[in-house]
Amino acid sequence: MESCRASPFLTQRTSDYTHGMDIQTSAPYTSAVDPRSKHATWVEVDLAAIEGNARALAGSTNARLMAVVKANGYGHGAIETARAAARGGAAWFGVARPEEALELREAGLENPILVLGPAPKDSLEQLVARDISITVCEREHIISAANAAKSGESVVKTHLKLDTGMSRLGAKPEEAIALARELRAFDSVSFEGLFTHFARADEPEAQLTQAQLKRFNEVVSDFEAADLRPPVVHAANSAATLMLAEAHFDMVRVGIALYGLQPSKEWLLPQEFRPALQWKSQLSRVRELPAGSGVSYGHDYVTENEERIGTFPVGYGDGLRRTKGNQVLIGGKQVPVVGRICMDLSMVQLDSVPEAKVGDEVVLIGNQGGNAISAEQVADHWGSINYEVTCSIGRRVPRLA
Ligand SMILES: Cc1ncc(COP(=O)(O)O)c(C=O)c1O
């Protein structure tokens, strides 16, 4: 059995946010322990891989690198991911929610942070006080931001978001100049950035991305002509960073590639990128069951012959999708998960690994004995994308480095 290194870092909270924006983080462990002696299931994050991926990304562009660490760093742990990305050359951090930005500040990260999503009004004063940049898309956002900054006698840093074809968030390109003038009109507002987001940069067909880029470039030219261009213009996600140098502008915003995960089936990462996340557990029970034994709720699976059935402590409460046909690695072999996945437990058919015993490592994502299950393979199986697979690994699963 492989021995596991573990110098755990913890981005879990001792409890969920229950008091508005309060940040509650539990103390990190300090001693190296074998995770199996402490945890039913855990995620191992290779921070050197994240740092190396960030370095490769930073080296592939003249623009600044924003590490997108929203959703707990795509499930990898936001704080340690952000630190590793910064070591690899990331200058900025991107998050979706105010709480995520405050969590990074609370952990002592001082890089510029942009909240990419809408910030509720009541979060603005706290964001301004912690020097966190916010996204504005309409006049009301600008006025709320200006008021929040004024009441704290400070300045709010803003990035104007344009909808050039994603139809999700952002102002219309034709509104951009008026909004920029509005931003410039307030002493308490700094107009720091202008950005857009691509809807289909991860597809081989470049037409829509080119159309979005053209619209965005027109606005940038108009801003330049009107002397309104802010210092940080940005558009590219991972796929565009890797495939479309014309979209780099002043900064690239990279998420999925930072984690060594493929932007899509069509756009594969260069060889030097390494996936950072492995999800593991261990067998907690192994039994020979006679033919005709029903396994798990509903007895969806019934043993045909005498079969070796193992139990491991991972369930849908940890983010394992309650779907048929999941596979895990045990004893270096891919084995089928059988019966319905429970909230905290799942069962595997162990006939192909007769030597399997209690305590043996179970790999849900990662490598074992020369075999591997990737987040992309799990995503295919779930009918989803790798983004969702790693993001859905639950908060109760500790992230260990
Ligand atoms: C606004 C914005 N920028 C950048 C990213 C990073 O995208 P990717 O993970 O594809 O690099 C995201 C991710 O969803 C996003 O919403």
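Conventions adopted
- Residues numbered from 1 in each chain as written.
- Predicted model: local features only at pLDDT ≥ 70, side-chain atom pairs only at ≥ 80, totals over all residues.
- Heavy atoms only, no water.
- Helix = DSSP H or I, 4+ residues; strand = E, 2+ residues; numbered from the N terminus.
- Buried < 20%, exposed > 50% of the residue type's maximum accessible area, 1.4 Å probe, protein only.
- Contact = heavy atoms within 4.5 Å.
- Areas by Shrake-Rupley, 256 points an atom, 1.4 Å probe, with all protein chains shown as cover.
- Lys, Arg positive; Asp, Glu negative; His and termini not counted.
- Charge placed at Lys NZ, Arg CZ, Asp CG, Glu CD.
- pLDDT = per-residue confidence, 0-100.
- Pairing = 2+ DSSP bridges.
- Phe/Tyr/Trp six-rings, centres within 6.5 Å; stacked < 30°, edge-to-face > 60°.
- Near = heavy atom within 4 Å.
- Polar contact = N/O pair within 3.5 Å; in protein donor to acceptor, adjacent residues only side chain to side chain.
- Nonpolar A, V, L, I, M, F, W, Y, C, P; charged D, E, K, R; others polar.
- Expected span 1.5 Å × (residues − 1).
- Arc of directions from axis to C-beta.
- Core = buried A, V, L, I, M, F, W, Y, C linked by side-chain atoms within 4.5 Å.

The helix and strand inventory of the chain stands at 11 helices and 20 strands. For the chain, the spread of C-alpha atoms along the three principal axes comes to 80 × 45 × 40 Å. Evaluated residue by residue, the chain yields a buried proportion of 54% over its 401 residues. Residue pairs at least 24 apart in sequence account for 68% of intrachain contacts in the chain once pairs closer than 6 positions are excluded. Accessible surface, the chain: about 17500 Å² in total, of which carbon and sulfur atoms supply 48%. Taken together, the 41 basic and 50 acidic charged side chains of the chain have centroids lying 2 Å from each other.

A few words now on the confidence of the model for the chain. For the chain, per-residue confidence averages 91 on the pLDDT scale, and 92% of positions sit at 70 or higher. Per-residue pLDDT stays below 50 along residues 1-32; that stretch engages in 83 contacts with residues further than four places along the chain or on separate chains.

What follows concerns the pairing of strand S2 (residues 64-68). With four of five residues buried, S2 is to be regarded as a mostly interior element. As judged from the four bridges shared by S2 and strand S9 (residues 251-254), these two strands associate in the parallel manner. Bridge pairing in S9 links Leu65 to Val252. Sheet analysis places S2 next to strand S3 (residues 92-95), joined by three bridges and oriented parallel. Each residue of the ladder has a partner; that of Ala67, found in S3, is Phe93.

Considering all chains together, one arrives at four aromatic pairs under this definition. Taken together, the ring pairs connect Tyr74, Tyr259 and Tyr387 into an aromatic cluster.

Before going further, it helps to examine the site of the ligand. Lining the immediate surroundings of the ligand are Val68, Lys70, Tyr74, Arg168, His197, Asn237, Ser238, Arg253, Val254, Gly255, Ile256 and Tyr387. The separation between an oxygen atom of the ligand and a polar side-chain atom of Ser238 is 2.5 Å. In this structure, Gly255 approaches the ligand through a main-chain N or O atom, which is 2.9 Å from an oxygen atom. Protein burial of the ligand: of its 400 Å² of free accessible surface, 91% is covered by the chains. Taken together, the elements giving at least two residues each to the shell around the ligand come down to helix H2 (70-74) and S9. A per-class count over the shell around the ligand returns five nonpolar, four polar and three charged.

With 19 residues, helix H8 (residues 207-225) extends 27 Å between its outermost C-alpha atoms, agreeing within 8% with the 27 Å of an ideal straight helix rising 1.5 Å per residue. For H8, the complete set of buried residues consists of Thr209, Gln212, Leu213, Phe216, Val219, Val220 and Phe223. The buried side chains of H8 occupy one side of the element, clustering within an arc of 125° when seen end-on. Pointing more than 90 degrees away from the buried face of H8 are the exposed residues Gln207, Lys214 and Ala225. For H8, the elements touching its buried residues are strand S6 (156-161), helix H7 (176-185), strand S7 (189-195) and strand S8 (232-234).

This brings us to the environment of Glu103. Its place among the elements puts Glu103 in helix H4 (residues 98-106). Glu103 sits in the buried class, given a relative accessible area of 3%.

You will see that Asp131, though not glycine, has its phi angle at about 55°, which is positive. In this fold, Asp131 is placed in the loop between helix H5 (124-129) and strand S5 (133-136). Residue classification places Asp131 among the partly exposed residues on the basis of a relative accessible area of 39%.

Once that is clear, we can look at the nonpolar core. Ranked by size, the top nonpolar core spans 113 residues in total, and within it Leu104, Trp279 and Ile330 carry the most contacts. With six residues, the top contributor of residues to this core is helix H1 (residues 47-59). Among residues more than four places away in sequence, those in contact with Leu104 are Val69, Ala78, Ile79, Ala82, Phe93, Val95, Leu109 and Ile113. Formed by six residues, the second largest nonpolar core is a distinct cluster that contains Val295, Val338, Cys342 and Met347.

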